[in-house]
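Here is what each chain is made of, one letter per residue.
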Amino acid sequence: MTLPNRPRGFTLIELLVVIAIIAVLVGLLLPAVQHAREAARRAQCTNNLKQIGLALHNYHETSQCFPPGWIGVSSDQPDVNGLNGWGWGSMILNEMEQTTLFEQIKFDVAVHNPANSGVLQKSLSVYLCPSDSSPEHWTLANTSGSAIVDLPTANYVGVFGTTDLSLCASKPLGTPCTGNGSFMHNVPLRMAEFKDGLSSTMLVGERKTKISDGWNSTWTGVVPTGKEPYQRILGSADHTPNNVTNHFDDFSSQHSSGSNFVFGDGRVQMINSNIDTKNYQGLATRDGGETVTDY
């Protein structure tokens, strides 16, 4: 009697071959998927900076100037660690379609005053680069390590220029800390003061978060800690993007090729990490008279 034919199952060797083929296909597809996701994140980062640039232009149209980097006054005199500490990122909230949040800020008291605790709980996606997987808030501590306040994270800081921000700490009471870039202590700048041209001057750039080193920035403003708190909202073009060497106030990002910047004319451009340092620093000044040809 002839037995009926039974369906033959896969052998162990055949299953292993199939699994190996699937693993190879996944290995080939995964980089493409990751690249597509990063491209989408970069596009959103670019869009965030475009919104910031537009808000700065709208602020200028209303106020006839850009906002100062931050406000610091004590006894009616300039003081880098004085009141109220609020920075440029908080001052343009009204132009960022965040009017309700803007109206909640008590600008007559310090950033970390309990009256502003509700505001500090707000994390704004427009100030966060999607490629940076940092937490939405971080804890600011003083020099002894004691917690002062929790602040919302930001990945975009104003361009102070080529001057080292740490020099602000030595400014005596009565002297504002001014740089050669787009934002500084107490001083609002007009477009007419950008003698190098708005299209050749960076306004705001990226900074990545590095939790392990305490490298955190915020859109709110300056909270005195005994160190240089202004570095949380501003940056200096000491080193080219992503070439940070223990300099928190440099610009950096999680993008492999460089960092995004919004220029004075509102356009956003990725500045490559390999840009010539002289050209890069020329883009960070508003009236240095540099001729920048390659960037």
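In short, a report on the structure. Since this is a predicted model, take the numbers as computed values, not measurements.

Moving on, we come to the overall build of the protein chain. Helix and strand counts for the protein chain stand at five helices and ten strands. Relative to the 2.2 N^0.38 estimate, which gives 19 Å for 295 residues, the radius of gyration of the protein chain is 24 Å and therefore markedly larger than a compact globule would have. Taken along its principal axes, the extent of the C-alpha atoms in the protein chain is 110 × 50 × 35 Å. Split into buried and exposed, the 295 residues of the protein chain put 44% on the buried side. Of the contacts formed within the protein chain by residues at least 6 apart in sequence, a portion of 64% connects residues at least 24 apart. Summing over all exposed atoms, the protein chain offers an accessible surface of approximately 14400 Å²; the carbon and sulfur share of this is 52%.

We now examine the pattern of salt bridges. Within this structure, the stated rule accounts for two salt bridges. Note that R190 and E193 form a salt bridge whose closest N and O atoms lie 3.7 Å from each other. What makes E193 partly exposed here is its relative accessible area of 26%. Between D265 and R267 there is a salt bridge; the shortest N-O distance is 3.3 Å. Judged by relative accessible area, which is 35%, D265 ranks as partly exposed.

Let us now look at the sheet that holds strand 7 (residues 202-206). Spatially, five strands are ordered 8-6-7-9-10 in an open sheet, and the strand pairing comes out mixed. The open sheet has two edge strands with one neighbour each: strand 8 (234-236) and strand 10 (268-272). Sheet twist, expressed as the average angle between the axes of neighbouring strands with direction ignored, equals 40°. Relative to strand 9 (residues 258-263), strand 7 runs antiparallel, the two sharing three bridges. Across the sheet, V204 pairs through a bridge with V262, a residue of strand 9.

As enumerated under the stated definition, the model contains nine aromatic pairs in all. Relative to F107, the ring of W86 has its centre 5.6 Å away and its plane inclined at 65°; by these criteria the two rings are edge-to-face. Within this pair, whereas W86 is found in strand 3 (residues 83-87), its partner F107 is found in the loop between helix 3 (99-104) and helix 4 (117-120), the two being separated by 21 residues in sequence. The class for W86 is buried, based on a relative accessible area of 0%. Both rings, one in Y127 and one in W219, keep their centres 6.2 Å apart while their planes meet at 20°; by these two values the pair is stacked. Within this pair, whereas Y127 is found in the loop between helix 4 and strand 4 (137-141), its partner W219 is found in the loop between strand 7 and strand 8, the two being separated by 92 residues in sequence. Y127 gets classed as buried once you look at its relative accessible area, which sits at 1%. Given a relative accessible area of 2%, W219 falls into the buried group. Members of the aromatic cluster, each reached through a chain of ring pairs, are W88, Y127, F183 and W219.

What counts and how
In every chain, residue numbers begin from 1 and rise along the written sequence. At least 70 in pLDDT is required for a residue's local features to be given in this predicted model, at least 80 for side-chain atom pairs to be given and counted, and no such filter applies to totals for whole chains, interfaces and linings, which use all residues. Heavy atoms throughout the structure, all of them, feed into the side-chain values; hydrogens and water do not. A helix here means a DSSP run of H or I that spans at least four residues, while a strand means a run of E at least two residues long, and both kinds are numbered starting from the N terminus. Computation of the radius of gyration draws on C-alpha atoms alone. For the globule rule, the value is 2.2 Å times the number of residues to the power 0.38. Here the term buried applies to any residue with accessible area under 20% of the maximum for its type, exposed to any over 50%, and partly exposed to those in between, with areas from a 1.4 Å probe on protein chains only. Contacts are residue-level and defined by heavy atoms, with any inter-residue pair within 4.5 Å sufficient. Where accessible areas are quoted, they stem from the Shrake-Rupley method and a 1.4 Å probe; at the residue level, only the protein chains shown are allowed to cover. We define a salt bridge as a side-chain nitrogen of Lys or Arg found within 4 Å of a carboxyl oxygen belonging to Asp or Glu. By the convention used here, strands pair only if DSSP detects at least 2 bridges between them. Axes here mean lines fitted to C-alpha atoms, for a helix over just the part in contact, with angles spanning 0 to 180 degrees between N-to-C directions. Within 6.5 Å between ring centres, the rings of Phe, Tyr and Trp (the latter by its six-membered ring) count as paired, and their orientation is classed by plane angle as stacked under 30 degrees, edge-to-face over 60, tilted in between.

The quantities given are spatial measurements derived from coordinates; they are silent on function.
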